[in-house]
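Examination of the molecular architecture
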Amino acid sequence: MSFPSKDAGVTLTGTLYEPAGLTARVPGVVIMHACDGLDSDITDWGNWFAQNGYVALAPDSFGPRHVGRVCGTRVVPARVRALDAYGALAYLRTLPDVDPTHIGIVGFSHGGGAVLFTENMDVASDAGFAQSGFAASIAFYPAACDQAPAKPLLDPLLILIGADDDWTDAPTCENSIRNADPTGTVGTIHVYPGTYHKFDDPTANKYAHVNGHVYTLRYNPQAAADAHDRVLAFFKQYL
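Here goes a summary of the coordinates provided. (Residues numbered from 1 in each chain as written. Predicted model: local features only at pLDDT ≥ 70, side-chain atom pairs only at ≥ 80, totals over all residues. Heavy atoms only, no water.)

Moving on, we get to the packing of aromatic side chains. In total, this model carries 20 aromatic pairs according to the counting rule given. On the basis of an interplanar angle of 70° and a centroid distance of 5.1 Å, the ring pair of W48 and F49 is categorised as edge-to-face. In terms of burial, W48 and F49 fall into one category: buried. Aromatic pair Y141 and F199: ring centres 5.7 Å apart, planes at 75°, arrangement edge-to-face. Taken as a pair, Y141 in the loop between strand 6 (136-140) and strand 7 (157-162) and F199 in the loop between strand 8 (187-192) and strand 9 (205-210) lie far apart in primary sequence, 58 residues in all. In this structure Y141 comes out as buried when scored by relative accessible area, which is 0%. (Phe/Tyr/Trp six-rings, centres within 6.5 Å; stacked < 30°, edge-to-face > 60°. Buried < 20%, exposed > 50% of the residue type's maximum accessible area, 1.4 Å probe, protein only. Helix = DSSP H or I, 4+ residues; strand = E, 2+ residues; numbered from the N terminus.)

Right under this line is the structure:
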């Protein structure tokens, strides 16, 4: 399907994942992909959400902009992708099977940075969602921890990240969420010891070479299983 981004003039495409046999409205989830675009890990998450009773929408931020990937570039910044996320939110709210007041967002790496920017009041206002945005947000090893989120958080936020992540710095994300929510009542972070970037992706077992740097991408099945449990518990609480 296609739907407009809140980035003026951009029409997005996306993949929709729906539970079988829906007879009532269910919560929705927007899934924001990483810097390499829609990949098998996003398909896995989309199917998993559907199996657990959510209607999930994974928008493609790059194809409609004629971009293949943005790793190490600023071609499509995370702040702009937050406007894509709000466009996906608006689209989900039009679907008859989705409860429009119970829609969350989850993002990975660059897409996690987009999630953090949806917590920024200026971005939410630009998108027209200052008072009625996402009900809950989850960011996996998010980019842009040093830029967002802004204080105060607009909805409950959970960050999941590996302590040994050498692409996204866990201490920076810890400081960011504590600055945004000093009491820890709305913003929380869980750091997995001995865990690297893309720890939830079963295909991740390599090194990424980006702009002269080498980053570790490594699946951690124990951390991945725990993260799935935390995602489910978090969204059950708030959605």
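Once that is clear, we can look at the side chain of D60. Following the sequence through the fold, D60 ends up in strand 4 (residues 55-60). We note that D60 is buried and unpaired, the nearest opposite charge coming from R81 at a distance of 7.2 Å. A distance of 2.9 Å separates a polar atom in the side chain of D60 from the backbone nitrogen of F62. At 3.0 Å, the side chain of D60 forms a polar contact with the backbone nitrogen of G63. Ignoring any residue separated from it by four or fewer positions in sequence, one finds D60 in contact with L12, T13, G14, H33 and L38. (Lys, Arg positive; Asp, Glu negative; His and termini not counted. Salt bridge = Lys/Arg side-chain N within 4 Å of Asp/Glu carboxyl O. Polar contact = N/O pair within 3.5 Å; in protein donor to acceptor, adjacent residues only side chain to side chain. Contact = heavy atoms within 4.5 Å.)

Moving on: the pattern of salt bridges. Close approach of charged atoms lets side chains of opposite charge pair. What the rule picks out here adds up to 7 salt bridges. For the salt bridge of D41 with K198, the shortest nitrogen-to-oxygen distance reads 3.2 Å. Highlighted residues: D41 in helix 1 (residues 40-51) and K198 in the loop between strand 8 and strand 9, separated in sequence by 157 residues. K198 shares its class with D41; the two are buried. Linking K198 and D201 is a salt bridge whose minimum nitrogen-to-oxygen distance equals 3.4 Å. As far as the burial class goes, K198 and D201 line up, both buried.

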